[in-house]
Amino acid sequence: MANERYNAAAAEARWQKVWDERGIFATKNDDVRKKYYVLEMFPYPSGRIHMGHVRNYTMGDVVARFKRAMGFAVLHPMGWDAFGMPAENAAMERKVHPKAWTYQNIAAMKAQLKSMGLSLDWSREIATCDPAYYKHQQKMFLDFLDAGLVERRKSKVNWDPVDQTVLANEQVIDGRGWRSGAIVEQRELTQWFFKITDFSQELLDALGTLDRWPEKVRLMQKNWIGRSEGLLVRFALDQATTPRGETELDVFTTRPDTLFGAKFMALAPHHPLAAAAAKKNPALAAFIVECRRHGTAQAEIDTAEKMGFDTGIKAVHPFDPNWKLPVYVANFILMDYGTGAIFGCPAHDQRDLDFVNKYELGNIPVVCPPGQDPQTFVITGTAYDGDGRMINSRFLDGMTIAEAKEDVARRLETKSAGNRPVAARQVNYRLRDWGISRQRYWGCPIPFIHCESCGVVPVPAKDLPVTLPDDVTFDRPGNPLDRHPTWKHVKCPQCGAPATRETDTMDTFVDSSWYFERFTDPWITTAPTDLAVVDAWMPVDQYIGGIEHAILHLLYSRFFTRAMRKTGHVGVDEPFAGLFTQGMVVHETYRTAGGEWAAPAEIKIETQGDVRRATLIATGEPVEIGPIEKMSKSKRNTVDPDDIIAGFGADVARWFMLSDSPPERDVEWTERGVQGAWRFMQRLWRLAGEAAEIATSAPAGRPAQFSPPAAALRKATHQALAKVTDDIEKLHFNVCVAAIYEFANALGTAIGDIGSDEGTNDGDSPSPTPDLRWAMNEAVNVLVQLFNPMMPHLAEECWASLGHTTLVAEAAWPRVERDLLIEDTLTLPVQINGKKRADVTVARNAGTIEIETAVLALDAVKKALDGRAPKKVIVVRQRIVNVVA
């Protein structure tokens with residue numbers, strides 16, 4: 001064995017077959033052991049896995065294998081986020097049905113994932129496009145409606161004119177659709193909404209309980225929910241300037257302290273007052289139409305040029321009836337935040353300052369920073385949003401911001417206009433309800449029927465699922481369901497009259513917001529979940545996925561679990577107890593002289609000293625080595641996992657993904673690193689063989705005593721075991737890998753020492769002592785178990801070669817002997833007259849006299865004493881030694 005090269009291709013296929021035939025990764029719901037649910041975000045079936053998948057699923061698999069070995073009942077399932085626009089695009093481009101394209105891709109990707117040796121429970125496999133899955137999603141939709149969590153209303157939406165569907169704000173990138181690249185427009189459509197805002201405060205408060213989530217993710221969600229406390233202020237309007245004699249304008253503000261810095265009012269383009277003014281002003285109407293050509297995403301609005309139109313309407317300052325503010329319609333005000341109207345204080349809000357600088361409205365600073373002279377403090381290009389004292393604010397002058405806010409609130413709450421207070425305290429949230437209507441075919445049908453007499457009628461539960469028709473065409477843009485000749489035409493379930501189905505389908509984020517609950521019992525047909533089973537498995541103990549899902553997917557999943565709780569489908573509040581967001585896989589980019597991107601497989605790299613040169617393998621043409629970037633098809637800097645697995649084995653790909661950098665950071669894929677991982681795999685194979693030869697005839701029972709070589713080997717074994725155990729728990733996979741490297745070196749040294757000892761006796765070599773054979777047997781078995789979660793195929797091959805008739809995948813994790821973690825020596829700092837001058841290393845159990853003797857023998861101490869006896873030597877055992885000269 002020791003002289004043979006490990007054949008990864010043959011071994012990996014063989015062990016995958018064994019695992020599959022024995023079904024050792026299938027989990028039973030009646031398992032009485034303590035549960036552990038580990039889950040990676042399931043993939044979209046695009047047809048090929050990429051290196052990001054390899055990294056993500058390898059991390060989850062390490063945790064799953066480790067927890068099984070620790071004695072947990074581990075749930076580690078896999079499924080497919082299978083609905084979505086790419087399938088429809090493929091249908092149009094390739095003349096293939098979305099269903100056929102999707103299931104072909106699922107088959108291909110499943111084979112690829114299996115080739116990685118992942119310890120997945122494939123018996124629980126689900127695809128969100130399967131009617132057996134979305135039947136329950138439709139039923140929950142109806143349950144949510146009954147619980148008051150669904151409503152249908154008109155709303156301004158982002159409309160992609162190419163894909164001809166609604167886009168979420170986050171699907172609008174720089175004003176364009178995330179898939180089509182088309183310039184997004186605003187339209188008003190009747191949409192279905194999930195009332196996620198009903199849980200705004202609960203979702204916010206519960207972030208404090210998610211202590212195993214990354215802080216940055218919790219902060220992103222907190223900011224997205226966006227709780228703000230302020231005042232709802234009523235501004236009187238100059239009726240002589242309003243189009244229909246309107247009398248007031250409500251504004252929500254978090255900065256009532258800055259009212260004396262107000263220079264203008266601004267309305268959202270969709271505000272009713274703006275619409276009324278536009279009826280009498282064609283130029284304003286045209287401006288509003290132009291505003292609608294842009295998306296509703298806050299990020300896009302914040303970065304766009306600030307544009308406004310003076311309506312001619314005037315608002316009256318609440319503290320001064322003679323102070324009238326111009327009312328603009330502005331492109332940076334959203335109708336669905338606050339009241340859709342603001343007062344602008346440009347000196348202390350950058351957005352407002354950009355606006356007034358464009359329209360030359362000026363600004364009045366009303367907060368003076370500490371240390372600034374109020375007489376000379378001015379604002380020009382940068383607004384001041386820090387702390388300070390009030391200035392230019394009449395009765396507020398000299399107050400802190402907090403004092404001014406409270407004083408303004410008190411005055412306006414007690415001030416009346418039209419028998420109502422001018423202001424009231426209010427809490428607002430940035431979070432908006434979740435619009436889930438999408439105008440596309442390949443999605444979960446919304447289970448409703450439109451009847452002229454009865455209105456919008458839910459599909460009876462007995463008629464679910466509402467399945468998609470297969471006979472659709474994609475010969476032109478738009479939703480094929482709208483033009484289907486038969487599918488959309490049905491009878492009203494209430495009155496029996498001719499009616500039509502709802503042709504919108506659900507946002508695919510709905511599909512991925514509860515799949516983790518369905519995994520707990522995917523076989524149940526009568527309900528989305530079995531309440532006892534789902535509550536036994538949930539929440540997911542460790543969820544792993546990309547930071548790009550930090551807001552929407554995670555927030556929607558948190559809402560959905562609460563909605564399922566309210567409707568009796570689950571008993572927990574939070575879906576994910578632990579969350580880990582891994583970094584990306586990156587690679588160099590390569591570009592030819594003609595500007596074309598080249599793939600890594602097409603490149604030959606030569607190194608001379610510190611200089612690296614790249615050429616095309618096919619032609620020898622020089623290629624520019626570009627920056628290291630995220631692997632992407634557009635820049636062709638991707639590496640095919642199939643090629644790596646075929647050339648080096650899945651274990652090498654897995655090992656490299658874990659070894660090169662901390663898992664939360666990006667990992668750079670390099671050929672050099674992959675080859676290094678392959679060489680280490682071969683070294684582990686040889687070490688296992690060499691150690692096995694020494695461990696032959698090791699005593700079955702543990703020896704009563706161990707010689708120094710055996711004791712040293714055992715100490716190295718248990719130190720490595722403790723390190724890897726602790727760091728897998730912390731998800732510090734790269735640290736685990738480093739510990740295994742170190743342990744392999746120690747084992748190799750021990751094997752080499754034995755060989756060296758045997759070679760010094762002129763052919764009369766003594767056999768290793770029984771205690772050393774026992775320690776070597778322990779060491780090699782522990783080594784195999786340590787790298788098993790990372791390189792499971794090699795581990796099984798080594799385990800079998802060590803004489804085991806069981807699988808290492810089913811072996812219990814070895815127990816750490818904590819006594820062996822205690823060092824025999826310790827190093828103490830030595831102070832001379834109160835200043836540290838040296839260190840002394842002594843036996844851990846050394847007495848005071850032994851420590852004093854060792855300290856007085858140090859050169860630094862001798863030099864300080866200069867032949868004199870010390871006045872005093874103070875030994876604080878296991879901490880410090882003080883010498884008084």
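Residues numbered from 1 in each chain as written. Predicted model: local features only at pLDDT ≥ 70, side-chain atom pairs only at ≥ 80, totals over all residues. Heavy atoms only, no water.

Draft legend 1. Layout of the overall build of the chain. The number of helices and strands found in the chain is 25 helices and 39 strands. In terms of overall dimensions, the chain has C-alpha extents of about 115 × 85 × 65 Å along its principal axes. The proportion of buried residues among the 885 residues of the chain is 53%. Looking at the chain alone, contacts between residues at least 24 apart form 71% of all its contacts between residues at least 6 apart. On the chain, roughly 39,300 Å² of surface is accessible, and the fraction owed to carbon and sulfur atoms is 50%. The averaged location of the 114 negative side-chain charges in the chain is 4 Å from the averaged location of its 103 positive side-chain charges. (Helix = DSSP H or I, 4+ residues; strand = E, 2+ residues; numbered from the N terminus. Buried < 20%, exposed > 50% of the residue type's maximum accessible area, 1.4 Å probe, protein only. Contact = heavy atoms within 4.5 Å. Areas by Shrake-Rupley, 256 points an atom, 1.4 Å probe, with all protein chains shown as cover. Lys, Arg positive; Asp, Glu negative; His and termini not counted. Charge placed at Lys NZ, Arg CZ, Asp CG, Glu CD.)

Draft legend 2. Structural view of the state of the cysteines. Applying the stated criterion to the full structure yields 0 disulfides. Of all cysteine sulfurs, the one in Cys-444 lies closest to Cys-129, which takes part in no disulfide; the gap is 11 Å. (Disulfide = S-S within 2.5 Å.)

Draft legend 3. Focus on the nonpolar core. Counting 184 residues, the largest nonpolar core has Phe-194, Trp-434, Tyr-515, Phe-560, Trp-669, Met-776 and Phe-787 as its most contacted members. By residue number, the principal contributor to this core is helix α19 (residues 671-695), which donates 12 residues. Beyond its immediate chain neighbours, meaning those up to four positions away, Trp-434 contacts Trp-192, Phe-193, Phe-194, Ile-196, Asp-507, Phe-509, Val-510, Ser-513, Tyr-556, Phe-559 and Phe-560. Core analysis: the next-biggest nonpolar cluster, separate from the first, contains 41 residues, Met-265, Cys-345, Ala-404 and Val-408 among them. (Core = buried A, V, L, I, M, F, W, Y, C linked by side-chain atoms within 4.5 Å.)

Draft legend 4. Highlighting the sheet that holds strand β25 (residues 489-491). Read across the open sheet, the 4 strands follow the order β24-β23-β26-β25; overall the sheet is antiparallel. Strands at the two margins of the open sheet, each flanked by one partner only, are β24 (455-458) and β25. Pairwise comparison of adjacent strand axes, ignoring direction, gives a mean angle of 40 degrees for this sheet. (Pairing = 2+ DSSP bridges. Axes fitted to C-alpha atoms, helices over the stretch in contact; angles between N-to-C directions.)

Draft legend 5. Layout of the pattern of salt bridges. Summed over the entire model, instances satisfying the criterion amount to 51 salt bridges. Of the charged contacts, one joins Arg-394 and Asp-320 as a salt bridge, the two residues approaching to 2.9 Å between their closest N and O atoms. On the criterion of sequence distance, the pair formed by Arg-394 in the loop between β17 (389-390) and α12 (401-414) and Asp-320 in strand β14 (residues 320-330) is long-range, its members being 74 residues apart. A relative accessible area of 45% places Arg-394 in the partly exposed class. Between Glu-817 and Arg-714 there is a salt bridge, and its shortest N-O distance comes to 2.8 Å. Of this pair, Glu-817 sits in the loop between α23 (792-801) and β36 (825-832) while Arg-714 is found in helix α20 (residues 708-729), placing the two residues 103 residues apart along the sequence. Residues joined by salt bridges that share partners form a network here, namely Glu-202, Arg-558, Arg-562, Arg-565, Asp-573 and Glu-574. (Salt bridge = Lys/Arg side-chain N within 4 Å of Asp/Glu carboxyl O.)

Draft legend 6. Local environment of the environment of Asn-158. Along the chain, the position of Asn-158 falls in strand β5 (residues 150-160). Since its relative accessible area comes to 1%, Asn-158 is described here as buried.

Draft legend 7. Fine view of the pairing of strand β34 (residues 622-630). Alignment of strand β30 (residues 585-592) against β34, held across 6 bridges, turns out to be antiparallel. Across the sheet, residue Thr-592 finds its bridge partner in β34, namely Val-623. Connecting strand β33 (residues 611-616) to the antiparallel partner β34 that follows it, the hairpin turn spans 5 residues, and Gly-620 within it adopts a positive phi of roughly 80 degrees.

Draft legend 8. Spatial organisation of unusual backbone geometry. Cis rather than trans, the peptide bond between Leu-464 and Pro-465 has omega equal to 5 degrees. Here the residue pair Met-538 and Pro-539 is connected by a cis peptide bond, since its omega of 0 degrees sits within 30 degrees of zero. Checked against the element boundaries, Pro-539 lands in the loop between α15 (531-537) and β28 (542-546). The phi torsion at Lys-95 lies on the positive side, around 60 degrees, for a residue other than glycine. Of note, Lys-95 is situated in the loop between α3 (85-94) and α4 (98-115). Its relative accessible area of 72% is what places Lys-95 among the exposed residues. Positive phi is not limited to glycine here, since Ser-697 has a value of about 65 degrees. When you line up the elements, Ser-697 lands in the loop between α19 and α20.

Draft legend 9. Focus on the environment of Phe-66. Of note, Phe-66 is situated in helix α2 (residues 51-69). A residue is classified by how much of its surface remains accessible, and Phe-66, at 1% relative accessible area, is buried. Between the C-alpha atom of Phe-66 and that of Met-790, which follows or precedes it by 724 residues, the distance is 9.6 Å. Leaving out residues up to four positions away in the same chain, Phe-66 has contacts with Thr-725, Ile-728, Glu-729 and Trp-813.

Draft legend 10. Here's a closer look at the packing of α2 against α20. The interhelical angle for the contact between α2 and α20, taken along N-to-C directions, is 120 degrees, at an axis separation of 10 Å. In terms of orientation, α2 lies oblique with respect to α20. Taken as a pair, α2 and α20 cross one another with a handedness that is left-handed. In this structure, α2 contributes Val-62, Phe-66 and Lys-67 to the contact, and α20 contributes Thr-725, Ile-728 and Glu-729. (Parallel < 35°, antiparallel > 145°, perpendicular 65-115°, else oblique. Left-handed = near helix turned anticlockwise from the far one by under 90°.)

Draft legend 11. Quick look at the side chain of Arg-438. Relative to the helices and strands, Arg-438 resides in strand β22 (residues 437-438). Filtering out sequence-adjacent residues up to four positions away, Arg-438 remains in contact with Thr-165, Val-166, Ala-168, Gln-171, Asp-504, Thr-505, Met-506 and Asp-507.

Draft legend 12. Structural view of α12. Given a rise of 1.5 Å per residue, 14 residues ought to cover 20 Å, and the 20 Å separating the end C-alpha atoms of α12 matches this to within 8%. The set of residues buried in α12 consists of Ile-401, Ala-404, Asp-407, Val-408, Ala-409 and Leu-412. Along its buried surface, α12 packs onto β10 (227-237), β16 (367-368), β17, β19 (420-421) and β20 (423-429). (Expected span 1.5 Å × (residues − 1).)

Draft legend 13. The packing of aromatic side chains, seen in detail. Scanning the model with the defined rule gives 49 aromatic pairs in all. Their ring planes at 40 degrees and their centres at 5.6 Å tell us that Phe-83 and Tyr-134 sit as a pair that is tilted. Highlighted residues: Phe-83 in the loop between β3 (77-80) and α3 and Tyr-134 in helix α5 (residues 131-146), separated in sequence by 51 residues. Since its relative accessible area comes to 2%, Phe-83 is described here as buried. According to the relative accessible area criterion, Tyr-134 is buried, its value standing at 2%. Where Phe-260 meets Trp-323, the ring centres are 6.3 Å apart and the plane angle is 40 degrees; that geometry is what we call tilted. Taken as a pair, Phe-260 in the loop between β11 (248-253) and β12 (264-267) and Trp-323 in strand β14 lie far apart in primary sequence, 63 residues in all. When its relative accessible area of 18% is taken as the criterion, Trp-323 is described as buried. Each residue in the set Phe-141, Phe-144, Trp-192, Phe-194, Phe-199, Trp-434, Phe-448, Phe-509, Tyr-556, Phe-559 and Phe-560 is aromatic and connected to the rest through ring pairs, giving one cluster. A cation sits over an aromatic face here: Lys-358 above Tyr-359, 5.8 Å from the ring centre. The lysine or arginine in question, Arg-591, covers the ring of Trp-597, its NZ or CZ lying 3.9 Å from the ring centre. (Phe/Tyr/Trp six-rings, centres within 6.5 Å; stacked < 30°, edge-to-face > 60°. Lys NZ or Arg CZ within 6 Å of the ring centre and 35° of its normal.)

Draft legend 14. Representation of the sheet that holds strand β2 (residues 73-75) in the model. The 4 strands lie next to each other as β2-β1-β28-β29, forming an open sheet whose pairing is parallel. Where the open sheet ends on each side, the last strands, each with one partner, are β2 and β29 (579-582). Averaged over neighbouring strand pairs, the angle between their axes works out to 20 degrees when direction is ignored. Pairing of strand β1 (residues 35-40) with β28, which is carried by 3 bridges, proceeds in the parallel orientation. Looking at the pairing, Glu-40 lines up with Ile-544 of β28.

Draft legend 15. Quick peek at the pairing of strand β26 (residues 498-501). Here 2 bridges tie strand β23 (residues 448-451) to β26, and the two strands are oriented antiparallel to one another. Residue pairing in the sheet places His-450 in a bridge with Thr-500 of β26. Of the pairings in the sheet, the one linking β25 to β26 comprises 3 bridges and is antiparallel in character. By the bridge assignment, His-489 is partnered in β26 with Thr-500. With antiparallel pairing between neighbouring strands as the criterion, β25 and β26 make up a hairpin whose turn holds 6 residues, including Gly-496 at a positive phi of roughly 80 degrees.

Draft legend 16. The arrangement of the confidence of the model for the chain in detail. Averaged over all residues, the pLDDT of the chain equals 92, while 97% of them reach at least 70. In this model, residues 759-763 is a region of pLDDT below 50 whose contacts with residues beyond four sequence positions or in other chains number 2 contacts. (pLDDT = per-residue confidence, 0-100.)

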